[in-house]
Every structure is written in C-alpha cells, then in structure tokens.
Amino acid sequence: MDGGAGAAAELREAHRLAGHADRVWALAWNPAPGSGAGPILASCGGDKTVRIWKRAPDGAWHCSDVLEDTHNRTVRSCAWSPDGKLLATASFDATTAVWEYNGGDFECVATLEGHENEVKSVSWSPSGSLLATCSRDKTAWIWEVQPGNEYECVSVLQGHTQDVKMVQWHPHLDILVSVSYDNSIRVWADDGDDEWNCVQTLTEANNCGHSSTVWSVSFNHKGDRMVTCSDDRTLKIWDTSADLSQPKTGEGHESWRHLSTLTGYHDRTIFSAHWSSEDIIASGAGDDAICLFAEENSSMVEGPSYKLILKKEKAHGMDINCVRWCPQDPRLLASASDDGTVKLWELRGSVLD
C-alpha cells in the first residue's frame, strides 16, 4: 500500500517518458540549465544511448536529443558538470565520453580510455576541475580537466577487491567516495602532494557497514550526512561532518561514523538512494517500489532516527535502477527502470506528521 507514517504525503506519477529500447540504468538532472530554461534530465541505458528530456512551456516533457553512435555497449552512468555545460557518460565499452552542451546541439569533445573493462559510474568534483570514473577492473580513476577538452589521469585508486559500482564526490570538498561488490565504502582524499589516498574504509566489521554489495551513495545538501544502499536490503546513514580532505593521523583523528540503519522497507536489493534539498531520502529497489524517508524530530539521546513517510508499491513494472530528485524543483522525483521507462513523480502533501 501507499502511505506509512506520513499518510498525508502522496507520490503522484506526473509523466512517463518512453523512448529507450532497453533498460534505463541512470539519470542526471542538469544542475544549471540556464536562465529561463526549465529542468533538463539526462537518462542512459542498455540501448547504448543517452536521452535528453526537457519540459515544454505547456508542462509536457519531450526528448530533445538522443546521444548515440559514440558508445558501442550499454551506457551505465551519466553526470553533468557543475556549470551544466558538460555531460559525462560511462559505458560498458570501457570508455567515458564527455559531451559539450551549449543550449543547442551536443558534441562529443573527449573520449577517456584506460579502464580495462566496463566503466560503471562517473562523477564531477564540486569545482568541475576533476572527474572520477570507476570500473569492473576494481579501480577508480581521477581525471584532471585540462585546457582544450583534454583530460589527464592524475591518480588510479586501488584498494577495492571487487567491481567498483559507483563513485560520488562530496558536494563541497574534494573528497571522493567509492562503493563496491566487496561490500565496502572507501573515502579518498588528496594528501596535499597530489597523491590520492584512502583515508577511511567503512565496512561491516569495523563501522556497522553493509554485509553485501554496496550499490549507491548520496550526500545531503550540506554534505554532513551520507546515505548508502546495498544488496543487504538496508539503507545506512552516515555522519560525514568530519573534514577528511585534510587527512590527520594518530590518536583521535577525525572519521566518518555510522548513525542509523533503515531495514525492512524493501524486499529486494536497493539499487539507488538519493537525498533531496529538502532532506528527503528516496530509495528505489528490485522490488519495483520507491520509498521516501525523513528524519524524525526527536530528542533521543542515541542520535537521529529516520522514518518511512511513503512507500510507492509497483512504481515500475520491473527493477528500479535509479532515483534522482530535481535540484530546481525539490518535490519532483525521477526514476529509471529495467522496464525501459523513466517516470517523473510529484511529491504532494505534508511529509511529516
């Protein structure tokens, strides 16, 4: 059933975007679509294409561009640069493409090669000067943006023992997080001498981490909280207020810590979690459902607690691979599925009792 603790809240399907000929893997909202422009959404999938969706003045959504003939295998991830002018796409063909967008046509201006096999995720640093990619080859790479659409690999991050599923930059600091089939979450920072090191590893054994593959990571707007999700069907909330971009060693050095585990809400793998600017966490899973969570206003001594405010059963006909809140409209949620569709949802009503 739909509902939960916040029965007044409703997640209404507003638009169904069809066009992909295979499963849709990932979504990315343009953070800076330009003055006067409405929200712009990129989606990518198993049909080797990227689609750009725009909202017309009458409120209808349409596909304005199809980016194709660059990747020859599944496009697994896409990410806009902070200024909204570049779109990076990561593919199972072991390459990452960078597309330039000038409010008109898209042009592929760079192709990054080096990973041994499938590239699973791509993410821009908050300054836009660095790009991170990760792969089935168990590594994450950091690329520095050079003049003339050149990209130089400045570090190959090794430490994961299995397929790296996702990389995500902290929203305000040059800190990179990677998650993997090896069940761990790794935090990476520059030591000041242009050497990138793992400054913390969050695991089940030492940090109340996940017991199975970690699929996704998202930070809240402030950057002091992080949510991760996993094959173990849990969401975990982390306190990320410690600034690990300036690594400290010795007794009492700062670290990120586990705050809360949300369990029992999804029946299958949770593939995606995303934090809105209104501090609502959305999750999408293999049970075809979307859940929304918010922090409870509580004075409990043991720390923050989060509650389910809504569960949308059968949000899609198959696995939900990605959920993303729109930065320009924090109550507009996009979801992508194995059923080949992208759906746009409007969150209505009060999210808290």
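A quick note: this is a predicted structure, and the numbers were derived from the prediction, not measured.

## Thoughts on the UniProt feature "repeat: WD" (unreviewed entry) in the protein
Logical step 1: In the numbering used here, UniProt assigns the feature "repeat: WD" (unreviewed entry) to residues 17-54, 68-100, 112-153, 157-188, 207-239 and 313-348.
Logical step 2: Counted over residues 112-153, helix gives 0% and strand 62%. Its end C-alpha atoms are 9 Å apart.
Logical step 3: Across residues 157-188 one finds 0% helix and 56% strand; the C-alpha atoms that close the span lie 8 Å apart.

## Remarks on a negative patch on the surface
Logical step 1: A contiguous patch of negative charge, built from Glu144, Glu152, Asp191, Asp193, Asp194 and Glu195, is present on the exposed surface.
Logical step 2: As for its position among the elements, aspartate 194 is in the loop between strand 16 (185-190) and strand 17 (196-202).
Logical step 3: Relative accessible area serves as the criterion here: at 58%, aspartate 194 is assigned to the exposed category.

## Focus: the sheet that holds strand 19 (residues 225-230)
Logical step 1: With antiparallel pairing, the 4 strands of this open sheet are ordered in space as 18-19-20-21. Among the strands making up the open sheet, the edge pair consists of strand 18 (214-219) and strand 21 (257-263). Each strand axis lies, on average, 20° off the axis of its neighbour in the sheet, ignoring direction.
Logical step 2: Bridging between strand 19 and strand 20 (residues 234-239) involves 5 bridges; their strand directions are antiparallel. Residue pairing in the sheet places methionine 226 in a bridge with tryptophan 238 of strand 20.

## Quick notes on the sheet that holds strand 6 (residues 75-80)
Logical step 1: With antiparallel pairing, the 4 strands of this open sheet are ordered in space as 6-7-8-9. If you trace the sheet from one side to the other, it starts and ends with strand 6 and strand 9 (106-113), each paired once. Between one strand axis and the next, the sheet turns by 20° as a mean value, whatever way the strands run.
Logical step 2: Here strand 8 (residues 95-101) runs beside strand 9; their pairing, made up of 7 bridges, is antiparallel.

## Some points on the pattern of salt bridges
One side chain can pair with another of opposite charge once the charged atoms of both are near each other.
Logical step 1: This model, assessed by the stated rule, comprises 13 salt bridges.
Logical step 2: A salt bridge links glutamate 278 to arginine 331, with the nearest nitrogen and oxygen atoms 3.1 Å apart. Pair noted here: glutamate 278 is in the loop between strand 22 (270-275) and strand 23 (280-285) and arginine 331 is in the loop between strand 26 (320-325) and strand 27 (332-337), with a separation of 53 residues, a long-range link.
Logical step 3: Among the residues examined, glutamate 278 registers a relative accessible area of 38% and is labelled partly exposed.
Logical step 4: Judged by its relative accessible area of 25%, arginine 331 falls in the partly exposed class.
Logical step 5: Between arginine 348 and glutamate 346 there is a salt bridge, with the nearest N and O atoms lying 3.1 Å from each other.
Logical step 6: Overall, arginine 348 belongs to the partly exposed group, its relative accessible area being 39%.
Logical step 7: Through salt bridges that share partners, Arg12, Glu346 and Arg348 make up one connected network.

## What about unusual backbone geometry?
Logical step 1: Phi angles above zero are rare outside glycine, and asparagine 183 is one such case at about 75°.
Logical step 2: With respect to the helices and strands, asparagine 183 occurs in the loop between strand 15 (175-180) and strand 16.
Logical step 3: A positive phi angle, near 70°, is found at arginine 233, a position not held by glycine.
Logical step 4: Note on placement: arginine 233 falls in the loop between strand 19 and strand 20.
Logical step 5: Among the residues examined, arginine 233 registers a relative accessible area of 39% and is labelled partly exposed.

## Observations concerning the packing of aromatic side chains
Logical step 1: On inspection of all chains with the given rule, the structure shows 11 aromatic pairs.
Logical step 2: Seen in terms of ring centroids, tryptophan 29 and tryptophan 61 are 5.9 Å apart; in terms of plane orientation they differ by 75°. Their pairing is edge-to-face. One end of the pair, tryptophan 29, is in strand 2 (residues 24-29); the other, tryptophan 61, is in strand 5 (residues 61-67), with 32 residues separating them in the sequence. For the pair tryptophan 29 and tryptophan 61, a shared accessibility class is recorded, and that class is buried.
Logical step 3: Aromatic pair tryptophan 80 and tyrosine 101: ring centres 5.9 Å apart, planes at 65°, arrangement edge-to-face. Residue tryptophan 80 is located in strand 6, and its partner tyrosine 101 is located in strand 8; the two are separated by 21 residues in the primary sequence.
Logical step 4: Accessibility expressed as a relative area gives 7% for tryptophan 80, which makes it buried.
Logical step 5: Using a relative accessible area of 8% as the deciding quantity, one classes tyrosine 101 as buried.

Conventions we followed
- Residues numbered from 1 in each chain as written.
- Predicted model: local features only at pLDDT ≥ 70, side-chain atom pairs only at ≥ 80, totals over all residues.
- Heavy atoms only, no water.
- UniProt positions renumbered as here; feature names shortened; annotations may be inferred.
- Helix = DSSP H or I, 4+ residues; strand = E, 2+ residues; numbered from the N terminus.
- Patch = residues over 30% accessible without salt bridge, like charges linked within 9 Å, V, L, I, M, F, W, Y side chains within 5 Å.
- Areas by Shrake-Rupley, 256 points an atom, 1.4 Å probe, with all protein chains shown as cover.
- Salt bridge = Lys/Arg side-chain N within 4 Å of Asp/Glu carboxyl O.
- Lys, Arg positive; Asp, Glu negative; His and termini not counted.
- Charge placed at Lys NZ, Arg CZ, Asp CG, Glu CD.
- Buried < 20%, exposed > 50% of the residue type's maximum accessible area, 1.4 Å probe, protein only.
- Pairing = 2+ DSSP bridges.
- Axes fitted to C-alpha atoms, helices over the stretch in contact; angles between N-to-C directions.
- Phe/Tyr/Trp six-rings, centres within 6.5 Å; stacked < 30°, edge-to-face > 60°.

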